[in-house]
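# A structural walkthrough
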Amino acid sequence: MTLDRRQFLSRSVFFAVVPALPVGLAACGGSDADETEALPPAGTHHFPQGVASGDPRPDSVVFWSRCVRADGSGADIALTLEVSAAENFATLLASVALGARATWDHTVRAKVTGLPAATALFYRFRAGRDLSPTGRTRTAPAATSTPAQMKFAWFTCQDWSINHWGAMDLIAAGDHDFVVHVGDYIYETTDAAFQAGAAEPAHGAIRLPDGAALPGGGRYATTLADYRTLYRTYRGDTRLQAVHAKFAFIGIWDDHEFSDDCWQDHQTYTHANLQQTARRRAASQAWVEYMPVDFGDVSFDTANAAYDNLRIYRDFRFGTLMHLVMTDQRLYRDDHVVDEATLAAAQGHDPVNGSDSIGARYFVQQPVLAQFEAARTAALGRAPSILGATQTAWWKATMQASSATWKVWGNEVTLGRMGLDLRTLAPAPYNALYVVNADGWDGFTGHRAELMAHLKTAGIRNVVAITGDLHAFQCHVVRDDPDPAVGTPVLVDFVSAGISSSSFYSYIKAGAGTTPLAALAATPALFDATLQAHNPDLRHADHDAQGYASAVVTATSFDVTFHKVRPLNADGTAPASPLLSQKTLRVNAGTVEVG
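Our subject in this report is the structure included herewith. (Residues numbered from 1 in each chain as written. Predicted model: local features only at pLDDT ≥ 70, side-chain atom pairs only at ≥ 80, totals over all residues. Heavy atoms only, no water.)

### Concerning the overall build of the chain
This is how the line gets drawn: Secondary structure counts use DSSP, requiring at least four H or I residues in a row for a helix and at least two E residues in a row for a strand, with both numbered from the N terminus. We compute the radius of gyration from the C-alpha atoms alone; for a globule the expected value is 2.2 Å times N to the 0.38, where N is the number of residues. Burial classes: relative accessible area under 20% of the type maximum marks a residue as buried, over 50% as exposed, and values in between as partly exposed (1.4 Å probe, protein chains only). When checking whether two residues touch, look at their non-hydrogen atoms; a contact exists if any pair is within 4.5 Å. Per-residue accessibility takes into account occlusion by the displayed protein chains alone, with areas from the Shrake-Rupley method and a 1.4 Å probe. For the purpose of counting charges, residues Lys and Arg are taken to be positive, whereas Asp and Glu are taken to be negative. His and the chain ends are not included. To locate a charge, take atom NZ for lysine, CZ for arginine, CG for aspartate or CD for glutamate.
The number of helices and strands found in the chain is 14 helices and 32 strands. Whereas a compact globule of 595 residues would reach a radius of gyration of roughly 25 Å, the chain reaches 24 Å, a difference of no more than 12%. C-alpha extents for the chain along the principal axes are approximately 85 × 60 × 50 Å. Taken across its 595 residues, the chain has 57% of its residues classed as buried. Taking all contacts inside the chain whose residues are at least 6 apart in sequence as the whole, residues at least 24 apart take part in 73%. With an accessible surface of roughly 21700 Å², the chain has 54% of that area assigned to carbon and sulfur atoms. Placing the 47 positive and 61 negative side-chain charges of the chain at their respective mean positions leaves the two points 4 Å apart.

As structure tokens, then:
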């Protein structure tokens, strides 16, 4: 027997869907006298990860929390979600009975429907005599309305083990209608080589209950207990809790929620490209447990034993002004175009246990990439894909059917071309044309061309991508053909730096060593200028940065501000005033240019 999605959800305590009360219900302080006396004493329960809301629609929002017993016992907990339009909860729009169960790591989530559009709401959870912090959220504008503007922030790459999270304070202090996360909410590794830098004192070392040895040092999460430990720890930071408590959250994953540079259920720590289905499923389950995601739109089926038992791509409409389309660029993607094992064998390296990510996924010689992509295309009968066939068809149809002024693509990895031509600048064997990042869209040129051609031929205008992953601030004009001499501009890609992850420049600087690239990366400004000189559609570049991005959207313009934060203080503490600088860029409606 099979269950459709609605049946599965309706029979599952994992996700509740409850209509709002037709008339605000007067709030009560608790039960009658006898019931109140029967309640356990205050302090029995607590909410160590705070509260969150997410996936805002004109008539619904998802509410989330995690409730545990202070004595550490794993017993189930009865609790109630309360939603109100009043901050004092004088009247309730919803009162939902829920159960925090060990099966789901004591997380709870409920979607309340029938809510008023474009309305600020307050919510909290009650367990016995204990109350969670109060959260604030906002429903989306009505589908037929035309908001004067929408404001949102997006962020990415918040490695617990590096730098500081001061940018979270800036986001929480902002005036946003909602926030978006474009991936790398956690990092699956601890004590890895790239996590060797200093971190603020508030972020101590994370110890995984299980884990496995990471080639090159450190450990990586392997089990559900490991991934839950990471989410519990990250969400234990009060600054991240403040962001969740103040704004509705729309999230998607990238690679580190499972495994660095992953594809489908394969890790890429070595050339073996090990398939780890159980690990992929554990990572997916932990993600859905800790994200305030609407599973009325997104499918999650624990009875399905496959690695892709979860589908998270989805879209959101904000009146007629803005349509947000969120994609999944890991679960359905093909393997990276350049086969690491083949490349390693050709260079006399270990084709199984070695790691030749440089040359295969990063700083790939363009002729090598073209050769491998042609061979893979011939073998597959199509271009290697990031989105997969089903999601690609959905993306095309969704973009084409959208009547919103602005089509905004929640896109995890960089779309713009990042090439580096050293043919006349470096001696052999470095005198080649390089693709800097083949883990992004630059490594899947045929698939990118297909999507960009669709935007062009279908006449889909005012498309903006909001992107993460790279650990840098960038702005690209993206064409159907990346050659500016022949390509037509079809969208603008805004890339945000990571909240805390080490900057892209720092990786380049460390990796350059004594190679000819060292001269091009002598300073951040020189490296920025070099990449812009080699990539004329790269309109803005700051590769030595941490921070976040925000947008103000109106009928006539799409304004993006990059918020760059200061590094750690000399003594290793987080700066009291984290903001270092801001840069605002504008795309005017009807154009594909940046001002």
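### Side note on the pattern of salt bridges
Rules: Salt-bridge detection follows one rule: a side-chain nitrogen of Lys or Arg within 4 Å of a carboxyl oxygen of Asp or Glu.
This model, assessed by the stated rule, comprises 30 salt bridges. For R448, the salt bridge is made with D442, and the minimal N-O distance between the two is 2.8 Å. D537 is the salt-bridge partner of R539, the closest N and O atoms lying 3.2 Å from each other. Taking the relative accessible area as the measure of exposure, D537 reaches 10% and is therefore buried.

### Looking at helix α12 (residues 504–512)
Which entries qualify depends on this criterion: Think of the arc as the fan of directions from the helix axis to the C-beta atoms.
Turning to α12, its buried residues are F504, Y505, I508 and A512. Projected onto a plane normal to the axis of α12, the buried residues spread over an arc of 95 degrees and lie on a single side. Tucked into the core, α12 has its buried residues touching β22 (362–365), β25 (433–437), α13 (517–520) and α14 (524–534). A positive phi of about 55 degrees marks G513, the residue just after α12.

### Looking at the packing of helix α4 (residues 224–235) against helix α6 (residues 277–290)
Our working rule: Each axis is a line fitted through C-alpha atoms, taken for helices only over the stretch in contact, and angles between the N-to-C directions span 0 to 180 degrees. When an angle is under 35 degrees it counts as roughly parallel; over 145 it counts as roughly antiparallel; between 65 and 115 it counts as roughly perpendicular; any other value is oblique. Here a crossing is called left-handed whenever its near helix is offset anticlockwise from the far helix by less than a right angle, and right-handed whenever the offset is clockwise. Charged means Asp, Glu, Lys or Arg here, nonpolar means Ala, Val, Leu, Ile, Met, Phe, Trp, Tyr, Cys or Pro, and polar covers whatever is left, Gly included.
Remark: α4 packs on α6, axes separated minimally by 8 Å, with the N-to-C direction vectors making an angle of 30 degrees. Classed by the angle they form, the pair α4 and α6 counts as roughly parallel. In this structure, the crossing between α4 and α6 has a hand that is right-handed. Across the interface between the two elements, L224, Y227, R228, Y231, R232 and R235 of α4 pack against R279, A282, A283, Q285, A286, W287, E289 and Y290 of α6. Of the residues belonging to the contact of α4 with α6, the class tally is 8 nonpolar, 1 polar and 5 charged.

### Describing the sheet that holds strand β18 (residues 219–220)
In plain terms, the rule: Paired strands, as defined in this entry, are two strands with at least two bridges between them according to DSSP.
An order of β16-β18-β17 is seen for the 3 strands of this open sheet, with the pairing classed as antiparallel. The outermost strands of the open sheet, each flanked by one partner alone, are β16 (189–190) and β17 (212–213). For β17 and β18, the ladder comprises 2 bridges, and the chain directions are antiparallel. The partner of A212 across the bridge, within β18, is Y220.

Function cannot be inferred from these measures alone, as they are strictly geometric.
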